[in-house]
Amino acid sequence: RYQHHPSTTANTMSQNKRAPPKKESILELQKLMDTTVRIKCVGGRELKGILRGYDELVNLVLDDCDEFLRDPEDMENITDKSRKLGLVVIRGTQVALVSPEEGMEEIANPFLPQTEE
């Protein structure tokens, strides 16, 4: 007759439950620390501030943060107006894009039909 030995089963299970190896983040935010970054959020908000911290979930801490306001007539369009937010924490689930402020320039969307000027 088969007898159950809990210690044998426990040892076998513990060997199979090894922690998976830690994955490296594909974002290299360390090189952007203490520099001005531009953040685009999932809902369309755009922020600019000094990156003071982050974690593996891409939760970000921005200091001296400004939010760029949208045009009330066209909510897709970001205006030159901004409002001061100060020190903020942005949840990683809301972050769509992180880019350095310096060296960033807007280009024409190649997927939109070109208008003749």
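Data block above holds the structure.
Student: Looking at this structure, I do not really get the overall build of the chain. What am I missing?
Tutor: Scanning the chain from terminus to terminus reveals one helix and five strands. Walking the chain from its N terminus toward its C terminus, one meets helices and strands in the order α-β-β-β-β-β. With 117 residues in all, the chain has 21% of them scored as buried. Long-range pairs, those at least 24 residues apart, make up 43% of the contacts in the chain between residues at least 6 apart in sequence.

Student: Teacher, can you tell me more about the sheet that holds strand 1 (residues 36–41) here?
Tutor: Strand pairs in the sheet, formed through backbone hydrogen bonds, run parallel or antiparallel to each other. The five strands are arranged 4-3-2-1-5 in an open sheet whose pairing can be described as antiparallel. If you trace the sheet from one side to the other, it starts and ends with strand 4 (78–90) and strand 5 (95–100), each paired once. In this sheet, neighbouring strand axes are inclined to one another by 30 degrees on average, regardless of whether the strands run parallel or antiparallel. Here five bridges tie strand 1 to strand 2 (residues 46–54), and the two strands are oriented antiparallel to one another. By the bridge assignment for strand 2, Lys40 is matched with Glu46.

Student: Help me out: how do you make sense of the pattern of salt bridges in this one?
Tutor: Between side chains of opposite charge, pairing is possible as soon as their charged atoms come close. In this structure the tally under the stated criterion is nine salt bridges. Taking the shortest distance from any N to any O, the salt bridge between Asp66 and Lys84 comes out at 3.5 Å. Of this pair, Asp66 sits in strand 3 (residues 60–70) while Lys84 sits in strand 4, placing them 18 residues apart in sequence. Assessed through its relative accessible area of 57%, Lys84 is described here as exposed. The network of salt bridges with common partners includes Asp34, Arg52 and Asp63.

Student: Whenever I open this one, the nonpolar core confuses me. Can you help?
Tutor: When a protein is soluble and globular, its nonpolar side chains tend to lie buried together. Counting 14 residues, the largest nonpolar core has Ile39, Leu47, Leu51, Leu60, Leu62 and Ile90 as its most contacted members. Looking at this core, the elements with two or more residues in it are strand 1, strand 2, strand 3 and strand 4.

Thresholds, definitions, all that
Sequence order sets the numbering: in each chain, residues are counted from 1 along the sequence as written. The predicted origin of the model limits local features to residues at a pLDDT of at least 70 and limits the giving and counting of side-chain atom pairs to 80 or more, whereas totals for whole chains, interfaces and linings rest on all residues. Hydrogens and water molecules were not included; the side-chain quantities draw on all heavy atoms of the structure. A run of DSSP states H or I qualifies as a helix once it reaches four residues; a run of E qualifies as a strand once it reaches two. Both are numbered from the N-terminal end. Throughout this description, buried means an accessible area under 20% of the type-specific maximum (1.4 Å probe, protein chains only), exposed means over 50%, and partly exposed covers the range between. In what follows, residue pairs with any heavy atoms lying within 4.5 Å of each other are defined as contacts. The pairing criterion for strands is at least two bridges between them, as found by DSSP. Between the N-to-C directions of two axes lies an angle of 0 to 180 degrees, each axis being a line fitted to C-alpha atoms and, for a helix, fitted only over the stretch in contact. Whenever Lys or Arg places a side-chain nitrogen within 4 Å of a carboxyl oxygen from Asp or Glu, that contact is recorded as a salt bridge. By convention a nonpolar core is built from buried Ala, Val, Leu, Ile, Met, Phe, Trp, Tyr and Cys residues, the set being connected through side-chain atoms within 4.5 Å.

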